[in-house]
Amino acid sequence: MAQEKINTDIVTLTRFLTEEQTKHKEATGDFTLLCHALQFSFKSIAYYIRRATLINLTGLAGSSNTTGDEQKKLDVIGNDLFVAAMRTSGKCRLLVSEEEEHCIVFDENPKARYAVVCDPIDGSSNLDAGVSVGTIFGIFRLAEGSQGKQEEVLLPGTELVASGFTMYGASAQLVLTMKGGSVNGFTMDNALGEFILTHPDMRLPKSRAIYSVNEGNSLYWEKPVKEYFDSLKYPLEASAKPYSARYIGSMVADAYRTLLYGGIFAYPADKKSPKGKLRILYECAPMAMVFENAGGQAVNSRMERMLSIVPEHIHDRSGIFMGSYDEVQRVIETHKNALKSA
Ligand code: P6P
C-alpha cells in the first residue's frame, strides 16, 4: 500500500514572518522580532488557559478592570504575560490593554517604533464554561520622532500595520493579517510548540444566511437595527428562508466562525449602550482589518467604515457590524431606507 506522503515543507509562523520580511527591502527586522514576542505571549496564554481548571485558575480575581468588568484570574495572568512579552521584546514603545487604565509607555525601549493594542483575554466571562476565548491585537507603526505619548495611539484602524486574533479552543488558532495583505490562519501544533499555516489566504464567502447578535438586547435596539434583524428572521419573499442564528458571546469565537462560514456578526450601539459595548482600538479596529482583508466589510452603528473611526480615548467603544460583503451591504441599505422613511 502506497505510503501516505508526509508534508515536510511545513510553514511555521516563524518561517512565514521571515518570508514576509524579505518582501520589504527596508525592513530592519524589528517588526519580525515584535511578532515573535507576540507569538510567545499567545503560547503562554494558551498554556495557562488549557490548565486553568486543573490549577484553580478559573473564577474571579476579586478585582475589576478600568472599564468596570470583573477580572477573571486569567484576565490578570494573560495581561501580565502580554505586558512582559511586549516590554522584553525591546520593540514595543506603547501598549494599550483592556486591563490597563492608562497606556503603558516602555521607557526602557526609547527607540522602539511600534505601539501595540490588545485585549489579552477577550470573552473571559465565558472561561468557566469552557467557551473559546482569545487575544485580539493590533500593531501601529509610530511616527518618526515619537515622544511615547498616549495620544500617539489614538489612530484610525487604517493606520494598523498588522492585526489579528487568537482563539484558544480545542487547539490554539491564530488569524493574522498585515496592511494591504491577505488573511492567514495558523494552528498550534502542541507537539512542536509551533503555529503552523493551515488556512492560507482566508476569504469570506460573499454572503451567508447566518446572523450573530445578542438578541437579549433587542428591547434596546434602534428602529433600523430591529427592522434589519426582522428582515432576516421574517423574510418578506415567500420563497426566502429565515437566517440561522449563531451567537457564542465570545467575539473571537463568533468572529472566527463568521470568517470561515460567512454571515454577519453585530454588536449594535443601543439605548442601553449608546456608544456600543466593544472597544474601538483593541476589538473593533483589529477585527475590521481582518474582515476587510478577507473580502468583507465592517461598519459602526452610523454605517461609517469601522477602520476610519478615530477614538478620542484609548477605551472608547463603538457599535459594529462585520462580515460577508453582501451581508454588511444589506445592513447599510436597510439603514439608508429607514432614514428615508423616517
Ligand atoms: P454580551 C465578551 O465579554 C465581549 O467583550 C465580546 O467578546 C463579546 O462579543 C461580547 O462582549 C458579548 O457581550 O453582552 O452579548 O455578553
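Residues numbered from 1 in each chain as written. Predicted model: local features only at pLDDT ≥ 70, side-chain atom pairs only at ≥ 80, totals over all residues. Heavy atoms only, no water.

Per an unreviewed UniProt entry, the chain is named Fructose-1,6-bisphosphatase, and its organism is Heterodermia speciosa. For the chain, the Subunit (unreviewed entry) comment in UniProt is given as "Homotetramer." (UniProt positions renumbered as here; feature names shortened; annotations may be inferred.)

J.: Honestly, the overall build of the chain in this entry has me stumped. Any pointers?
T.: Helix and strand counts for the chain stand at seven helices and 17 strands. Taken over the C-alpha trace, the chain has a radius of gyration of 20 Å; the compact-globule value for 342 residues is 20 Å, and the two agree within 12%. Its C-alpha atoms give the chain principal-axis dimensions of about 65 × 60 × 45 Å. Residues counted as buried form 52% of the 342 residues belonging to the chain. A sequence separation of at least 24 residues applies to 63% of the contacts in the chain between residues at least 6 apart. Distance between charge centres in the chain, computed from 37 positive and 41 negative side chains, equals 3 Å. (Helix = DSSP H or I, 4+ residues; strand = E, 2+ residues; numbered from the N terminus. Rg over C-alpha atoms; globule rule 2.2 N^0.38 Å. Buried < 20%, exposed > 50% of the residue type's maximum accessible area, 1.4 Å probe, protein only. Contact = heavy atoms within 4.5 Å. Lys, Arg positive; Asp, Glu negative; His and termini not counted. Charge placed at Lys NZ, Arg CZ, Asp CG, Glu CD.)

J.: For this particular structure, what's the right way to read the packing of aromatic side chains?
T.: Aromatic ring pairs are described here by two measures, namely the spacing of the ring centres and the angle between the planes. Applying the stated rule across the entire model yields nine aromatic pairs. When the centroid spacing of 6.0 Å and the interplanar angle of 55° are considered together, the rings of Phe-31 and Tyr-114 count as tilted. Taken together, the residues span a long stretch of sequence, with Phe-31 in helix 2 (residues 30–51) and Tyr-114 in strand 5 (residues 114–122) at a distance of 83 residues. Both residues of the pair, Phe-31 and Tyr-114, count as buried. Between Phe-42 and Phe-137, the aromatic rings sit 5.2 Å apart at their centres with planes inclined by 40°, giving tilted as the arrangement. With Phe-42 in helix 2 and Phe-137 in strand 6 (residues 133–141), this residue pair connects regions lying 95 residues apart in the sequence. (Phe/Tyr/Trp six-rings, centres within 6.5 Å; stacked < 30°, edge-to-face > 60°.)

J.: I would appreciate a short explanation of unusual backbone geometry in the present structure.
T.: Most peptide bonds are trans, and most residues other than glycine sit at a negative phi. One non-glycine residue, Asp-201, lies in the positive phi region at around 50°. Structurally, the position occupied by Asp-201 is in the loop between strand 10 (194–199) and strand 11 (210–212). Located in the positive-phi region is Met-303, a residue other than glycine, with phi close to 65°. Examined against the element boundaries, Met-303 turns out to sit in the loop between strand 15 (297–299) and strand 16 (317–318).

J.: Looking at this model, I keep getting lost on the packing of helix 5 (residues 251–261) against helix 6 (residues 280–293). Mind explaining?
T.: Between two packed helices, both the angle of their axes relative to each other and the distance between the axes serve to describe the pair. Between helix 5 and helix 6, the least distance of the axes is 12 Å, while the angle of their chain directions is 15°. Classified by the angle between their axes, helix 5 and helix 6 sit roughly parallel to one another. Between helix 5 and helix 6 the crossing geometry is right-handed. Between helix 5 and helix 6, the contacting residues are Met-251, Val-252, Ala-255, Thr-258 and Leu-259 on the first element and Glu-283, Met-287, Val-290 and Phe-291 on the second. Tallied by class, the residues present in the contact of helix 5 with helix 6 amount to seven nonpolar, one polar and one charged. (Axes fitted to C-alpha atoms, helices over the stretch in contact; angles between N-to-C directions. Parallel < 35°, antiparallel > 145°, perpendicular 65-115°, else oblique. Left-handed = near helix turned anticlockwise from the far one by under 90°. Nonpolar A, V, L, I, M, F, W, Y, C, P; charged D, E, K, R; others polar.)

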